[in-house]
Amino acid sequence: MLRKSIYLTTLFLLGFAVTIAQPITIKSANIIASNSIPSPVKETTVKMLTEEIQKRTSIVLKSTTGQPKSNEFTIALVLSGDKDLSGKAIPANTDKNGPEFKAEGYRIVSELTDKGGILWVIGADARGVLFGAGWVLRKATLLPKTIQLDAKTNIATSPEYGIRGHQLGYRHTANSYDAWTVAQFDQYIRELAIFGSNAVEGIPFHEDENPSPHFKIPSREMNVKLSEICQAYDQDYWVWTPITFELHDAKKRAAELSLHEDLYKRCPRLDHIFVPGGDPGDNHPKDVMPFLKDLHERLVKYHPTAKVWLSLQGFSVEQVDYFYQYLKENKPTWFEGVVSGPSSPPMAETRYRLPKNYKHREYPDLTHNVRCEFPVRQWDQAYALTLGREACNPRPYEFAGIHKTYAAFTDGFLSYSDGCHDDINKVVWSMRAWDTQTDVREILVDYGNFFFGKKLAENIADGIAALENNWKGPLVQNGGVEATFAFWKGMEATATPQLNENWRWQILLLRAYYDTYTRRRLIYEQDLEKQANALIAKAPQSGANKAMASAWEVLEKAEKMPIGYDLRKKIEQLCQALYTSIGLQTSVPKHQAKGYERGCLLDFVDYPLNNRWWLEDEFRKLKPIVTDSNAKVMARLNVISTWENPGAGSFYDDVSSTSKGPRVKTIVDDATDIAWWDNGFSRARLSTQTFQNNPELEYDNLQADARYIIRVAGMGEALLRVDGKRLSPVVYNRENETFKEWIVPLNLSMDGKIRVTFDEPEESHLNWRKHSKVSDVWLLKQ
């Protein structure tokens, strides 16, 4: 557990004792590292401090040996087991159970005056020294030609969780990593370590068969380079190695073992092999476990202490039971533990069933916004359709809460990530795994201080929190989006050229612009659709052709008279800047992203936020059969114009809309899931692209003697109940955008309220994407 203490200078002001930090200004400094610190971490830490301080201050730390001098400023790197540094006594701690004596822990002690002194970084081990140096970089005020440190500091801390890492897969699936150089990986792994990360996971296999057009070097080479970087920073090196073939195929099994062994002998450091049981993969654990044992036999020839892990993702109940029985009977010492990720059994159950001698690692998805493990709750559909699955997604407060929920069942985490867009989430998860009590805003201020400088640190923290709040609630009603934009615009007005080249600045600024553009466009385009529906409703008087033509003339304004030109232009500029600075691919045609689902927000920046594409297709169907007396055409136009406004005494709910579903009570993981048809460019009605599988709705203030009909739009089955009573449909169409209808018995509605629920149909034989869906629900007064 964390132990922390801070001792600061105490002054007496107006008779009151006031404890404040006394900053000391430093213009030059030395750095001395104890010879007891193991290489290469000793050299890496000196290099890290020297380079990061020089970048921000132009001050070059002088690497020296010998005893620190009292008239000079010195950063001293030592181990807690050292008694002195070249004869200079190290600040002693009589409590040998203190944090700096626990794995990866450290103590920071400053003994500074205006004339000189020592900033001690006292690590329990090599990692402790590295993480202590990270604390200095996070907390110090680094200004041009100036370092400011507190005169008296005494702080000690050690991590709560031993596994704290992130997946950095050099593969085309990623939206940025595949474009990185070795130097960029080195810098990013350094920055993760500064914020407490101690592990990196690579994805080494099969990427050179269809290489990314962005690869700087082949995947085969880069994954060894990642191993070398991990060795330099003392980061555990993991590899994620799915089994995508049938293990019964002896030829493929042998080839896979050879592929693994080749990697093992080429990597200077390799600590853990993680094989997902599924996602992808579809082998029974009776075949997987012997294969893992064979992997381990090859692994330890080159890395004697390395271990093997397995996730139970996609396993059936029988397969999960088999796995635990295997552990009970065989007690494999080569097996290190279980990884819990998406589609795994519940983490509490896993920890309960897993024997205590095996570890349990979480595999949290920090990278995705929809169709994922932790979707943004009740995300506005406008964001889901445009920003999509892999947009810049700082969710610091939400993820701090999620981490707190699950961490206690684990020995730590190593996250799923497909790009740099989730950078803040990685930092928050790492820091909260170090200390679950760390204040989230403190983490964000440190983030702002290190990456943007002391002057902007507080504003960056607040700006990030504001971006998270942009995604809460109905977008039209969220006026905070405009306030957030003004806040970021204010910072942008004083941005330096150096700041404008900072990719973290670019990506956060992009979100501020994109959110604002999307909200303004949503308000504008939704209003155009309301006007169009009013014109369609006049079809009985004006005629169908004139009504459709007039409505389309209004709807076309979204493209012929678009709003937000300056915002749109800036978004494109920032996307290009991010592609240049960090390789972020926000477009398939412009940046050769692997697919539209992989963070291609630029390709969806103008996706319709009203139903004009759907209406255009509906008009095209109706025009060939239009006659002024055609009842079928008029009936369809009436359905279209009244879709969301069924009339007095009737009700409509878009079950996945935070603004158009007031009677929907379910808040579930798929509540804003997007069907993702036609690579995201579906022309279907917007409400039918979102869904719940089994929504619940509650109605009140109904007319006691009125007859009501429930209408549902969706796909597949809809097993409807009213007040717990299963009803039989009178209309039942299973295709998308067609209707099912039920008559509500008077004895259920006469008390003025009803509750509508849906039973889950048996569809275990179907892929989850083909499961039945409910998108729109009406209660129609007859």
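See the structure shown above.
Residues numbered from 1 in each chain as written. Predicted model: local features only at pLDDT ≥ 70, side-chain atom pairs only at ≥ 80, totals over all residues. Heavy atoms only, no water.

**What about the side chain of T666?**
Turning to step 1, where the next piece is worked out: Locating T666 in the fold gives a position in the loop between β22 (651-654) and β23 (673-674).
Turning to step 2, where the next piece is worked out: Since its relative accessible area comes to 14%, T666 is described here as buried.
Turning to step 3, where the next piece is worked out: At 2.7 Å, the side chain of T666 forms a polar contact with the side chain of Q692.
Turning to step 4, where the next piece is worked out: Looking at T666, its side chain comes within polar contact range of the main-chain nitrogen of E696, at 3.4 Å. (Helix = DSSP H or I, 4+ residues; strand = E, 2+ residues; numbered from the N terminus. Buried < 20%, exposed > 50% of the residue type's maximum accessible area, 1.4 Å probe, protein only. Polar contact = N/O pair within 3.5 Å; in protein donor to acceptor, adjacent residues only side chain to side chain.)

**Examining the packing of aromatic side chains**
Turning to step 1, where the next piece is worked out: For the structure shown, the criterion picks out 43 aromatic pairs.
Turning to step 2, where the next piece is worked out: Between F274 and Y363, the ring centres sit 5.4 Å apart and the planes meet at 85 degrees, which makes this aromatic pair edge-to-face. With F274 in strand β17 (residues 272-276) and Y363 in the loop between β20 (359-362) and α9 (381-386), the pair connects residues that are 89 residues apart, well separated along the chain. Grouping residues by exposure puts F274 and Y363 together as buried.
Turning to step 3, where the next piece is worked out: Members of the aromatic cluster, each reached through a chain of ring pairs, are Y170, Y177, W180, F185, Y188, F215 and W503.
Turning to step 4, where the next piece is worked out: Of note, R685 hangs over the ring of W614, and the distance from its end group to the ring centre comes to 4.7 Å.
Turning to step 5, where the next piece is worked out: Above the ring of Y732, the side-chain terminus of K740 is found at 5.4 Å from the ring centroid. (Phe/Tyr/Trp six-rings, centres within 6.5 Å; stacked < 30°, edge-to-face > 60°. Lys NZ or Arg CZ within 6 Å of the ring centre and 35° of its normal.)

**A word on the sheet that holds strand β12 (residues 146-150)**
Turning to step 1, where the next piece is worked out: The strand order across the open sheet built from 3 strands is β3-β12-β11, with neighbouring strands paired in antiparallel fashion. With partners counted over all chains shown, the strands left at the sheet margins are β3 (23-26) and β11 (141-143), one partner each. The sheet shows a mean angle of 20 degrees between the axes of neighbouring strands, direction not considered.
Turning to step 2, where the next piece is worked out: Looking at chain direction, β11 and β12 are connected through 3 bridges and run antiparallel. Its bridge partner being in β12, L142 is matched across the sheet by I147.
Turning to step 3, where the next piece is worked out: Strands in contact with helix α1 (residues 41-57) are β11 and β12; relative to β11, the strand with the most contacts, it is inclined by about 55 degrees. (Pairing = 2+ DSSP bridges. Axes fitted to C-alpha atoms, helices over the stretch in contact; angles between N-to-C directions. Contact = heavy atoms within 4.5 Å.)

**Observations concerning helix α5 (residues 250-266)**
Turning to step 1, where the next piece is worked out: Relative to the 24 Å expected for 17 residues at 1.5 Å per residue, α5 spans 25 Å between its end C-alpha atoms, a close match to the ideal helical length.
Turning to step 2, where the next piece is worked out: By the burial criterion, the buried members of α5 are R253, E256, L257, H260, E261, L263 and Y264. Seen from one end, α5 has its buried residues packed into an arc of 160 degrees, which puts them on one side. α5 presents K251 and K265 as exposed residues on the side facing more than 90 degrees away from its buried surface.
Turning to step 3, where the next piece is worked out: Buried residues in α5 make contact with β16 (236-240), β17 and α6 (285-302). (Expected span 1.5 Å × (residues − 1). Arc of directions from axis to C-beta.)

**With respect to unusual backbone geometry**
Turning to step 1, where the next piece is worked out: Each neighbour pair has its own omega, and for S39 with P40 the value is 5 degrees, a cis peptide bond.
Turning to step 2, where the next piece is worked out: Tracing the backbone through its elements, the reader meets P40 in the loop between β4 (30-33) and α1.
Turning to step 3, where the next piece is worked out: Between D279 and P280 the backbone carries a cis peptide bond, its omega angle lying at 0 degrees.
Turning to step 4, where the next piece is worked out: Mapped onto the fold, P280 is located in the loop between β17 and α6.
Turning to step 5, where the next piece is worked out: Here R371, not a glycine, exhibits a phi torsion of approximately 50 degrees, which is positive.
Turning to step 6, where the next piece is worked out: Take R371: it is sitting in the loop between β20 and α9.
Turning to step 7, where the next piece is worked out: For N701, which is not glycine, the phi torsion reads 55 degrees and is therefore positive.
Turning to step 8, where the next piece is worked out: Looking at the secondary structure, you find N701 in the loop between β25 (697-699) and β26 (708-715).

**Quick look at the state of the cysteines**
Turning to step 1, where the next piece is worked out: Counted by the stated rule, this structure contains 0 disulfides.
Turning to step 2, where the next piece is worked out: Its sulfur unpaired, C267 is 9.4 Å from the next cysteine sulfur, which belongs to C230.
Turning to step 3, where the next piece is worked out: Unpaired in terms of disulfides, C600 finds its nearest cysteine sulfur in C575, a separation of 9.7 Å.
Turning to step 4, where the next piece is worked out: Judged by relative accessible area, C600 falls into the buried class, the value being 2%. (Disulfide = S-S within 2.5 Å.)

**Some points on the pairing of strand β18 (residues 307-311)**
Every regular strand shows the same layout, with side chains that alternate between the two sheet faces.
Turning to step 1, where the next piece is worked out: Counting buried positions along β18 yields 4 of 5 residues, so the element is predominantly enclosed.
Turning to step 2, where the next piece is worked out: In this sheet, β18 lies alongside β17 in parallel orientation, the contact comprising 5 bridges. Counted as the bridge partner of V275 is L310 from β18.
Turning to step 3, where the next piece is worked out: Taken together, β17, α6 and β18 form a β-α-β motif whose crossover is right-handed.
Turning to step 4, where the next piece is worked out: Summarising the sheet, β18 and strand β19 (residues 335-340) pair through 4 bridges and their orientation is parallel. (Right-handed = clockwise from strand over helix to strand, strands pointing away.)

**Here's the deal with the sheet that holds strand β30 (residues 738-744)**
For sheets, the rule is that strands pair by backbone hydrogen bonds, running either parallel or antiparallel.
Turning to step 1, where the next piece is worked out: Read from one edge of the open sheet, 5 strands run β22-β32-β26-β30-β29, paired in antiparallel fashion. Only two strands of the sheet have a single partner each, and these edge strands are β22 and β29 (731-732).

**Re the pattern of salt bridges**
Turning to step 1, where the next piece is worked out: Summed over the entire model, instances satisfying the criterion amount to 64 salt bridges.
Turning to step 2, where the next piece is worked out: The residue D262 makes a salt bridge to R266 at a minimum N-O spacing of 3.0 Å. Within this pair, D262 and its partner R266 are both found in helix α5, separated by 4 residues, close to a single helical turn.
Turning to step 3, where the next piece is worked out: On the basis of relative accessibility, which here comes to 22%, the residue D262 falls in the partly exposed class.
Turning to step 4, where the next piece is worked out: The exposure class of R266 is partly exposed, given its relative accessible area of 25%. (Salt bridge = Lys/Arg side-chain N within 4 Å of Asp/Glu carboxyl O.)

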